[in-house]
Amino acid sequence: GSHMWGFQDSDGDSQPFSLQETYEAKRKEFLSELQRKEEEMRQMFVNKVKETELELKEKERELHEKFEHLKRVHQEEKRKVEEKRRELEEETNAFNRRKAAVEALQSQALHATSQQPLRKDKDKKN
């Protein structure tokens, strides 16, 4: 039975040690793997954040450009409206001047026609 015992003895000697070693090695491997994965994930996250930042910046720039464009369009429209309004005012003023002139002429004509017959009437009476 000493052979059996010797076997167990050597077994008892080396195995826990090798188990311990294997465990340590595996643990180190696992930890470094975990660290690598963590690093990868962190890197991915950083990249994602960077991408998102870039996207946001891009969007911001787009929105800013759209806003500027709208502002320009709006200013242009306002200028056009302003021009049209001025044109209309000028037309209105011109029209009013013409109307006034016509009315003046009419009233003159009325006075002339209303005065002329009167004179004629006076003339006839006299």
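Residues numbered from 1 in each chain as written. Predicted model: local features only at pLDDT ≥ 70, side-chain atom pairs only at ≥ 80, totals over all residues. Heavy atoms only, no water.

Novice: What's the story with the overall build of the protein in this structure? I'm lost.
Specialist: For the protein, the helix and strand inventory stands at 1 helix and 0 strands. When the 126 residues of the protein are sorted by exposure, 0% land in the buried category. With an accessible surface of roughly 12400 Å², the protein has 58% of that area assigned to carbon and sulfur atoms. (Helix = DSSP H or I, 4+ residues; strand = E, 2+ residues; numbered from the N terminus. Buried < 20%, exposed > 50% of the residue type's maximum accessible area, 1.4 Å probe, protein only. Areas by Shrake-Rupley, 256 points an atom, 1.4 Å probe, with all protein chains shown as cover.)

Novice: Even after reading the chapter, I still don't get the pattern of salt bridges, so can you show me in this structure?
Specialist: Opposite charge on two side chains lets them pair, provided their charged atoms get close. One pass over the full model with this rule turns up 13 salt bridges. One salt bridge connects glutamate 62 with lysine 59, and the closest N-O pair in it is separated by 3.8 Å. One end of the pair, glutamate 62, and the other, lysine 59, are both in helix H1 (residues 2-125), 3 residues apart, so they sit about a helical turn from each other. Its salt-bridge partner being arginine 61, residue glutamate 65 comes within 2.8 Å of it at the nearest N-O pair. Taken together, the residues glutamate 65 and arginine 61, both in helix H1 and 4 residues apart, mark about one turn of the helix. (Salt bridge = Lys/Arg side-chain N within 4 Å of Asp/Glu carboxyl O.)

Novice: I tried to follow a nonpolar patch on the surface on my own but got confused; where do I start?
Specialist: On the surface, a cluster of nonpolar side chains totalling about 280 Å² of accessible area is made up of Phe30, Leu31 and Leu34. Position of phenylalanine 30 among the secondary structure elements: in helix H1. Relative accessible area serves as the criterion here: at 53%, phenylalanine 30 is assigned to the exposed category. (Patch = residues over 30% accessible without salt bridge, like charges linked within 9 Å, V, L, I, M, F, W, Y side chains within 5 Å.)

So, to be careful, I would describe these as geometric facts and stop short of saying anything about function.
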